[in-house]
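# What the coordinates show
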Amino acid sequence: MTFPQLAGKHALDALVPLPPAEKFPDLPAPESVILCYPRWLFRDTLAAEQTTRYPWQYRGDVHILPGSEGRVAVAGGMGVGAPAAAMLVEELGAHGVRNFVILGLAGGLQPELRAGAEVLCDKALRDEGVSQHYLAPGQYVDATPELTSRLEAEFRDAGIVCAKGPSWTTDAPYRETRKEARKYREEGIQTVEMEAAAVFAVARVRGYSAAAAFVVSDTLADEGWTGYFRAEEIKVSLRRLLPVIRRALVG
């Protein structure tokens, strides 16, 4: 049995069209969008800055960030998981967005990655469903090297020391097993999350750029699971990364 069920599906034309451009608002699309998954960080950003709400008709809430000359926006409220992320990238991309950066939480697989550790993702293990419908069967899908390098340089200039490496993207967070965590840790995978492989796959097929930065919120590195979700270090790291990612996108 293959997955998807129809072998070679990724090379076939789609039946459902992308949203037509004339249905989108007249306001020019930003070049880049930060997919901001922590809801509190998205709310705090809107409260602290004079953002301009993008009159977006589809999923998620999109706001243009000040100081970017309309080029960079932040999106929130789009739901979690690979399907929601892929649909947002498809819809925003159809309107003209060309760069996508995930900023979210992830589980740490390596023992040194504890609460608040920052990780730059360079590729994603395709253990979800969405990427299988966009790309031929394969183990990984890469982030866009040029955009990832821009983020890495900006992190370095800001004095942020972060890990860099692959992430394990899965649709089933309550079905992560010790055997998988041990195997992927030994293979050098840094984190586990739910969106990166899908976003990278859509971006590759559509010709966009995509990258991802994660802050560790829990760990699977100790032959068990430990959550740190209320740790102040997590909020500190997320607040530190968002403006640095913005600067990298403004360029």
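The structure displayed is predicted, hence computed values, not measured ones. Throughout, residues of each chain are indexed from 1 in the direction in which the sequence is written. For a predicted model such as this one, the threshold for reporting local features is a pLDDT of at least 70, and the threshold for listing and counting side-chain atom pairs is 80 or more; totals across whole chains, interfaces and linings nevertheless cover every residue. Water and hydrogen atoms play no part in the side-chain values, which are based on all heavy atoms of the structure.

## A short note on the layout of surface pockets
- In this analysis a 1.4 Å probe is tested at points of a 1 Å grid over the protein atoms alone, and where it fits but cannot get out there is a cavity; an open set with protein on both sides within 12 Å along at least five of seven lines is a pocket; lining residues have an atom within 4 Å of a point. Grid points are joined across faces, edges and corners, and a volume is the space filled by probe spheres set on the points. Size it by volume and the largest pocket reaches roughly 1100 Å³.
- Along the wall of the largest pocket there are 37 residues; nearest its centre are Leu105, Met194, Ser217, Asp218 and Phe229.
- Taken together, the elements giving at least two residues each to the lining of the largest pocket come down to helix 1 (39–48), strand 5 (99–108), helix 4 (178–186), strand 9 (191–193), strand 10 (209–219) and helix 6 (232–250).
- The secondary structure listing takes helices from DSSP runs of H or I that are at least 4 residues long and strands from runs of E that are at least 2 residues long, numbered from the N terminus. Ranked by residues supplied to the lining of the largest pocket, first place goes to strand 5 with five residues.
- All amino acids are sorted into three groups, where Ala, Val, Leu, Ile, Met, Phe, Trp, Tyr, Cys and Pro are nonpolar, Asp, Glu, Lys and Arg are charged, and the leftover types, Gly among them, are polar. Looking at the lining of the largest pocket, its residues break down into 19 nonpolar, eight polar and 10 charged.
- Within this model, the second largest pocket holds a volume of roughly 690 Å³.
- Lining the second largest pocket are 20 residues, with Ala14, Val16, Glu90, Tyr134 and Arg206 positioned closest to its centre.
- Looking at the lining of the second largest pocket, the element that brings in the most residues is helix 2 (residues 82–95), giving five residues.
- When grouped by side-chain class, the residues that make up the lining of the second largest pocket number 13 nonpolar, two polar and five charged.

## Observations regarding the packing of helix 3 (residues 145–157) against helix 6
- For every element, the axis is a line fit to its C-alpha atoms; helices are fit only across the contacting stretch, and the angle between N-to-C directions ranges from 0 to 180 degrees. Between helix 3 and helix 6, whose axes approach to 9 Å, the crossing angle comes to 125°. By the angle between their directions, the pair helix 3 and helix 6 is classed as oblique. Judged by the twist between their axes, the crossing of helix 3 over helix 6 is right-handed. Every residue of helix 6 that contacts helix 3 at Leu147, Arg150, Leu151, Glu154 and Phe155 is listed here: Leu241, Val244, Ile245, Arg247, Ala248 and Leu249.
- The residue inventory of the contact of helix 3 with helix 6, partitioned by class, reads eight nonpolar, no polar and three charged. Here the angle decides the label: under 35 degrees means roughly parallel, over 145 means roughly antiparallel, 65 to 115 means roughly perpendicular, and every other value means oblique. Handedness of a helix crossing follows the sense of rotation of the near helix relative to the far helix, less than a right angle counterclockwise being left-handed and clockwise being right-handed. Two residues qualify as a contact provided that any one of their heavy atoms is within 4.5 Å of a heavy atom in the partner residue.

## Considering the pairing of strand 6 (residues 118–127)
- Using a 1.4 Å probe on the protein chains alone, a residue whose accessible area is under 20% of its type maximum counts as buried, one over 50% counts as exposed, and one in between counts as partly exposed. With respect to burial, strand 6 is a largely interior element, seven of its 10 residues being buried.
- Two strands make a pair as long as DSSP finds a minimum of two bridges between them. The pairing of strand 6 with strand 10 spans four bridges and is antiparallel. Its bridge partner lying in strand 10, Val119 is registered against Phe214.
- Here strand 6 runs beside strand 8 (residues 163–170); their pairing, made up of eight bridges, is parallel. Residue pairing for strand 8: Arg126 is matched across the bridge by Thr169.
- Relative to strand 7 (residues 140–142), strand 6 is paired through three bridges, and the arrangement is antiparallel. Looking at strand 7, one finds that Ala124 is bridged to Val141.

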